[in-house]
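# Observations on chain architecture
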Amino acid sequence: MSKRGKIAIIMGSQSDLRVMSEAAKVLDELNVSYELTIVSAHRTPERMMDFAKSARENGFHAIIAGAGGAAHLPGMVAAYTTLPVIGVPVKSSNSIDGWDSVLSILQMPGGVPVATVALDGAKNAGILAAQIISNFDDDAFKKLEEYKNEMRDKVLKSASEVETNGWKSGKMGF
């Protein structure tokens, strides 16, 4: 029997929830256990440090950390844990079109890696976290296989519709 994986989803503020909820939705779809909370690198640095240092002993196997603006949360969490950290740059009201968040998370120094997904790419962060734990969680592996097969089938159906009906028919499934 395989061990069940658990993911932490954290964000710098409640305003990030509109993006970070996409990670929760895909983990729900994949039946992967997670906990979601707010941990600010700047406003609650002690909470962030305690969270990161105790994440492994609290049963987490990977951390998804979303942040906008200066976006220090993913990197700071990665500095305090050996768990894989997946950074989600969030285009927030105080960001420079999201680029500051992307670069802040992407440009980590050697020795403190953060896997970085696209701007507002929390869905992909959820899938990546599930892929990480699928190495030891057979249920997550099976759900990911089903998920990927469903995506493949949707594309093949769309391709068939376009090839059969043409692009002008309005009968396409996308």
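Here, the structure is the one placed above.
Since the structure is predicted, the reported quantities are computational estimates derived from the model, not experimental observations. (Residues numbered from 1 in each chain as written. Predicted model: local features only at pLDDT ≥ 70, side-chain atom pairs only at ≥ 80, totals over all residues. Heavy atoms only, no water.)

Packing of helix H1 (residues 17-29) against helix H5 (residues 122-133) leaves a shortest axis separation of 7 Å and a crossing angle of 40 degrees. Taken as axis vectors, H1 and H5 run oblique relative to one another. Crossing of H1 against H5: the hand is right-handed. Residues Val 19, Met 20, Glu 22, Ala 23, Val 26 and Leu 27 of H1 form the contact with H5, whose participating residues are Ala 122, Lys 123, Gly 126, Ile 127 and Ala 130. In the contact of H1 with H5, the residues fall into eight nonpolar, one polar and two charged. (Axes fitted to C-alpha atoms, helices over the stretch in contact; angles between N-to-C directions. Helix = DSSP H or I, 4+ residues; strand = E, 2+ residues; numbered from the N terminus. Parallel < 35°, antiparallel > 145°, perpendicular 65-115°, else oblique. Left-handed = near helix turned anticlockwise from the far one by under 90°. Contact = heavy atoms within 4.5 Å. Nonpolar A, V, L, I, M, F, W, Y, C, P; charged D, E, K, R; others polar.)

Formed by 26 residues in total, the largest nonpolar core has its most connected members in Ile 7, Ile 9, Met 20, Val 32, Ile 64 and Val 88. Among the secondary structure elements, those contributing two or more residues to this core are strand E1 (6-11), H1, strand E3 (62-68), strand E4 (85-90), H5 and helix H6 (138-165). What Ile 7 contacts, discounting residues up to four positions off in sequence, is Leu 27, Val 32, Ser 33, Tyr 34, Glu 35, Phe 60, Ala 62, Ile 64, Ala 129 and Ile 133. Ranked by size, the runner-up nonpolar core spans 21 residues in total, among them Val 39, Val 77, Val 85 and Ile 105. (Core = buried A, V, L, I, M, F, W, Y, C linked by side-chain atoms within 4.5 Å. Buried < 20%, exposed > 50% of the residue type's maximum accessible area, 1.4 Å probe, protein only.)

A few words on the layout of surface pockets. Unoccupied space between atoms shows up once a probe the size of one water molecule is rolled over them. Its volume calculated, the largest pocket comes out at about 280 Å³. Lining the largest pocket are 18 residues; nearest its centre among them are Gly 12, Ser 13, Arg 43, Gly 68 and Asn 94. Taken together, the residues of the lining of the largest pocket sort by class into five nonpolar, eleven polar and two charged. (1 Å grid on protein atoms, 1.4 Å probe; cavity = no way out; pocket = protein on both sides within 12 Å on 5 of 7 lines; lining within 4 Å. Points joined across faces, edges and corners; volume = space filled by probe spheres on them.)

On to the pattern of salt bridges. Per the counting criterion, the structure on display carries seven salt bridges. The closest approach of N and O atoms between Lys 25 and Glu 22, which form a salt bridge, is 3.0 Å. Of the two residues, Lys 25 and Glu 22 are both situated in helix H1; the distance of three residues between them amounts to about one turn of the helix. Taking the relative accessible area as the measure of exposure, Glu 22 reaches 30% and is therefore partly exposed. Here Glu 161 and Lys 157 are joined by a salt bridge, their closest N and O atoms 3.9 Å apart. Here Lys 157 and Glu 161 lie together in helix H6, a separation of four residues that amounts to about one turn. Relative accessible area serves as the criterion here: at 17%, Glu 161 is assigned to the buried category. (Salt bridge = Lys/Arg side-chain N within 4 Å of Asp/Glu carboxyl O.)

This part is about the packing of aromatic side chains. Under the defined criterion, the tally for this structure stands at one aromatic pair. Arranged with centres 5.9 Å apart and planes meeting at 35 degrees, the rings of Phe 51 and Phe 60 form a pair that is tilted. For the residue pair Phe 51 and Phe 60, the accessibility class agrees, reading buried in each case. Sitting above the plane of the Phe 136 ring, Lys 3 keeps its charged end 5.8 Å from the centroid. (Phe/Tyr/Trp six-rings, centres within 6.5 Å; stacked < 30°, edge-to-face > 60°. Lys NZ or Arg CZ within 6 Å of the ring centre and 35° of its normal.)

So, on to the sheet that holds strand E2 (residues 33-38). Pairing in this open sheet of five strands is parallel, and the strands run E2-E1-E3-E4-E5 from one edge to the other. Since the sheet does not close on itself, it has two edges, and those belong to E2 and strand E5 (115-116), each with one partner. Looking at chain direction, E4 and E5 are connected through two bridges and run parallel. When the bridges of E5 are listed, Gly 87 appears paired with Thr 116. Along the sheet, helix H3 (residues 73-80) makes contact with E1, E3 and E4, crossing E3 at roughly 150 degrees. (Pairing = 2+ DSSP bridges.)

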